[in-house]
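Reading the structure
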Amino acid sequence: MSDLRDCPLTPGDVDLATLRAIYQGEVRLHLDAAAHTEIIRSQETVSAIVAEGRVTYGINTGFGKLAQTTIPHERLAELQRNLVLSHCVGVGDLLPDNVVRLVMATKVVSLARGHSGIRLSIIEALLALYNAGVLPCIPEKGSVGASGDLAPLAHLALMLIGEGEVQHAGRRIPAAEGLRMLGLQPFVLGPKEGLALLNGTQVSTALALRGLFEAESVFAAGLMAGAFSLEAIKGSVKPLDARIHQARGQQGQIAVAAAVSTLLTGSEILQSHSQCGRVQDPYSIRCVPQVMGACLDNLHHAARVLQIEANAASDNPLVFSDSGDVISGGNFHAEPVAFAADIIALAVAEIGAISERRLALLLDSGLSGLPPFLVKDGGVNSGFMIAQVTAAALASENKALAHPGSVDSLPTSANQEDHVSMATYAARRLGDMCFNTAVVVGIEAMAAAQGMEFHRPLRSSPLLETAFTDLRQRVDFLSQDRYLAADIDTMREWASHADWPDAVTALLPSHSLHMH
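Residues numbered from 1 in each chain as written. Predicted model: local features only at pLDDT ≥ 70, side-chain atom pairs only at ≥ 80, totals over all residues. Heavy atoms only, no water.

Some thoughts on the overall build of the protein
Assigned secondary structure in the protein consists of 22 helices and 9 strands. Its C-alpha radius of gyration of 26 Å places the protein within 12% of the 24 Å reference for a compact globule of 516 residues. With the C-alpha coordinates of the protein rotated into their principal frame, the extents come out at 85 × 50 × 45 Å. Among the 516 residues that make up the protein, the fraction classed as buried is 57%. Residue pairs at least 24 apart in sequence account for 79% of intrachain contacts in the protein once pairs closer than 6 positions are excluded. For the protein, the exposed area adds up to about 20500 Å²; of that, 53% sits on carbon and sulfur atoms. Taking the average location of the 37 positive side-chain charges in the protein and that of its 53 negative ones, the two points are 3 Å from each other. (Helix = DSSP H or I, 4+ residues; strand = E, 2+ residues; numbered from the N terminus. Rg over C-alpha atoms; globule rule 2.2 N^0.38 Å. Buried < 20%, exposed > 50% of the residue type's maximum accessible area, 1.4 Å probe, protein only. Contact = heavy atoms within 4.5 Å. Areas by Shrake-Rupley, 256 points an atom, 1.4 Å probe, with all protein chains shown as cover. Lys, Arg positive; Asp, Glu negative; His and termini not counted. Charge placed at Lys NZ, Arg CZ, Asp CG, Glu CD.)

In structure tokens:
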């Protein structure tokens, strides 16, 4: 990772652009030195409490339902080690590296706020491991999102005590070996340190951030595909008139209408039917600003919540060094993350839903004016008929996945933890939803490009023709039936990773939202 750019982490001031760079593996991290003082002070506060023998939850007591049990001084290290080992109960596939990077980075930020009572050397070890690409093996299932992401974060802490396994350069190795690669010895965790590592919302937040970044991509792809479809059916641009959207006042709607107008500027196809007298297109074309604008507003709200949470001190109890107080609260409860994940889910489902309807419109010659199923010699050729079935299946699957996770709760820890957020599942399911919507939008874009070609030699706008050329470098015109599954997967990749015009990119939260 030596060729990556250096990026400082300033606790409380890490923005979405930095988090996206971490997710994409573009940066080496170091902690802003200004954070060191508060980290050291909080650890000294914990040490003073232990020296005084003051009974304080999380420092010299049991946990959860066992919080009333006082632990003698000589067993405090055993307490922290047992806490980590007993909480390593995660199951399922491992979290992908991009999510684990976000987990590690946001855990560093949280600990470095100076409210956790943990040694600076542990935080520095996490950063060294991150920069060396030595990542903890964290199973994806086993957290209810309160009291923090206990099980998955325990697997992170397990690495620091030299137990379990880590991933490095594509292979799994013993954690102790991973530590030795960096000249590190396994840590013997001191009072509160195990709890500080386990408690917090970092896994839920990391998964939700992944969902946000992937949702931004399918949103952008959905706008591009919608513009292609408008051109393919020779739709009207009158519904994009800024006066309509100003009259309503919804900011996302206003921004989307302006962006789509920019995408279409200079189109010969538009000019060719400017006097056609077409009054109304179906809603999936006419209401793109209203639907996609509402999705954009949801993404911006979720982004603000997640940016705050990525900077939050969310373990428990929290140390306040100025007064010497250690206060037990509930910042580990991931309800804000669960709500954010749920509204991202709604946006992702709707991006796919309206895209699938535009795809169906393109294939219906009675509405689109295009050849049935967008292929010549219909009957012998089925064209995009069954690709639309795939899109319908995935759009429908997203309806079920969009059911809010935040309304679910099961009590744990003998009813001490009697209401939980389910944020981890709420955020994790966004990966499947974004995959589905990327497929749907990719199929629409491929079909709309096919439709545009039936209008040649007329050209679309410069921006859309550039995007069209990029698309055609990926998939060919469908002159007769062929194996389409590979093309569909290629277009899914397009929807997930293509470069978008500035008019579209400027809308996205991670490109426009900054810390205040």
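Some points on the environment of E177
Tracing the backbone through its elements, the reader meets E177 in helix α7 (residues 175-181). Judged by its relative accessible area of 28%, E177 falls in the partly exposed class. Distance in space between the C-alpha atoms of E177 and G162 is 8.1 Å, their sequence separation being 15 residues.

Overview of the packing of helix α9 (residues 202-232) against helix α11 (residues 251-264)
Relative orientation of the contacting elements α9 and α11 amounts to 55°, with a least axis distance of 10 Å. The angle between α9 and α11 falls in the class oblique. The two elements α9 and α11 cross, and the hand of that crossing is right-handed. Counting all contacts with α9, which are made through F219, L223, M224, A227, L230 and E231, the residues of α11 involved are V256, V260, L263 and L264. Of the residues belonging to the contact of α9 with α11, the class tally is 9 nonpolar, no polar and 1 charged. (Axes fitted to C-alpha atoms, helices over the stretch in contact; angles between N-to-C directions. Parallel < 35°, antiparallel > 145°, perpendicular 65-115°, else oblique. Left-handed = near helix turned anticlockwise from the far one by under 90°. Nonpolar A, V, L, I, M, F, W, Y, C, P; charged D, E, K, R; others polar.)

So, the sheet that holds strand β7 (residues 171-174)
Reading across from one edge, β4-β6-β7 is the order of the 3 strands in this open sheet, with antiparallel pairing throughout. Lying at the two open borders of the sheet, with one neighbouring strand each, are β4 (135-136) and β7. Relative to strand β6 (residues 165-168), β4 runs antiparallel, the two being bridged by 2 bridges. Of the residues in β6, the one forming a bridge with L135 is Q167. (Pairing = 2+ DSSP bridges.)

Focus: the nonpolar core
Core analysis: the biggest nonpolar cluster contains 166 residues, and L31, L197, F219, F228 and W494 have the highest contact counts within it. For W494, the residues in contact, after removing those within four places along its chain, are A221, M224, F228, V441, G442, A445, D470, R474 and W500. (Core = buried A, V, L, I, M, F, W, Y, C linked by side-chain atoms within 4.5 Å.)

Structural notes on the side chain of S406
Within the secondary structure, S406 is located in the loop between α17 (385-401) and α18 (423-453). Within the structure, S406 has its side chain in polar contact with the side chain of D342 (distance 2.5 Å). In this view, S406 contacts E335, A338, F339, D342 and S421; residues no more than four positions away in its chain are not counted. (Polar contact = N/O pair within 3.5 Å; in protein donor to acceptor, adjacent residues only side chain to side chain.)

Things to note about the packing of helix α1 (residues 16-23) against helix α4 (residues 97-111)
Two elements in contact, α1 and α4, have axes separated by 8 Å at closest approach and are oriented at 130°. Overall, the two elements α1 and α4 adopt an arrangement that is oblique. Where α1 abuts α4, its residues L19, I22 and Y23 lie against N98, R101, L102, A105 and T106. Looking at the contact of α1 with α4 residue by residue, the classes come out as 5 nonpolar, 2 polar and 1 charged.

A closer look at the pairing of β7
Alignment of β6 against β7, held across 4 bridges, turns out to be antiparallel. Opposite Q167, over in β7, you have R172 as the bridge partner. Where β6 hands over to β7, the hairpin turn is made up of 2 residues, of which A169 adopts a positive phi near 55°.

Regarding unusual backbone geometry
A cis amide bond links A146 to the next residue, S147, at an omega of 5°. Inspection of the secondary structure assignment puts S147 in the loop between β5 (139-141) and α6 (150-160). With an omega of -5°, the peptide bond running from N316 to P317 counts as cis. Relative to the assigned elements, P317 resides in the loop between α14 (288-310) and β8 (318-320). Despite not being glycine, K192 shows a phi value in the positive range, around 75°. For K192, the position within the fold is in the loop between α7 and α8 (193-198). We classify K192 as buried; its relative accessible area is 0%. Not every positive phi belongs to a glycine, and L374 is a case in point at roughly 60°. Relative to the helices and strands, L374 resides in the loop between α16 (365-368) and α17. Residue classification places L374 among the buried residues on the basis of a relative accessible area of 0%.

A word on the packing of aromatic side chains
Counted according to the given criterion, the structure contains 3 aromatic pairs. When the ring of W494 is compared with that of W500, the centres are 5.2 Å apart and the planes differ by 85°; the resulting orientation is edge-to-face. For W500, a relative accessible area of 14% translates into the label buried. We note R456 situated over the ring of F468; from NZ or CZ to the ring centre the distance is 4.8 Å. (Phe/Tyr/Trp six-rings, centres within 6.5 Å; stacked < 30°, edge-to-face > 60°. Lys NZ or Arg CZ within 6 Å of the ring centre and 35° of its normal.)

Re the state of the cysteines
Inspection of the entire model under this criterion finds 0 disulfides. In this model C295 remains outside any disulfide bridge; the closest cysteine sulfur is found in C434, 12 Å from its own. The class of C295 is buried, set by a relative accessible area of 4%. (Disulfide = S-S within 2.5 Å.)

Digging into the pattern of salt bridges
Pairs can form between side chains of opposite charge once their charged atoms are near each other. Throughout the structure, instances matching the rule amount to 22 salt bridges. The partner of R28 in a salt bridge is D6, and the shortest N-O contact between them spans 3.7 Å. With a gap of 22 residues between them, R28 in strand β2 (residues 27-31) and D6 in strand β1 (residues 5-9) connect regions that are remote in the sequence. What makes D6 exposed here is its relative accessible area of 54%. For R358, the salt bridge identified is with E444, shortest N-O distance 2.6 Å. Here the residue R358 occupies a position in helix α15 (residues 335-363), and E444 occupies one in helix α18, the gap between them amounting to 86 residues. The network of salt bridges with shared partners includes E38, R41 and D322. (Salt bridge = Lys/Arg side-chain N within 4 Å of Asp/Glu carboxyl O.)

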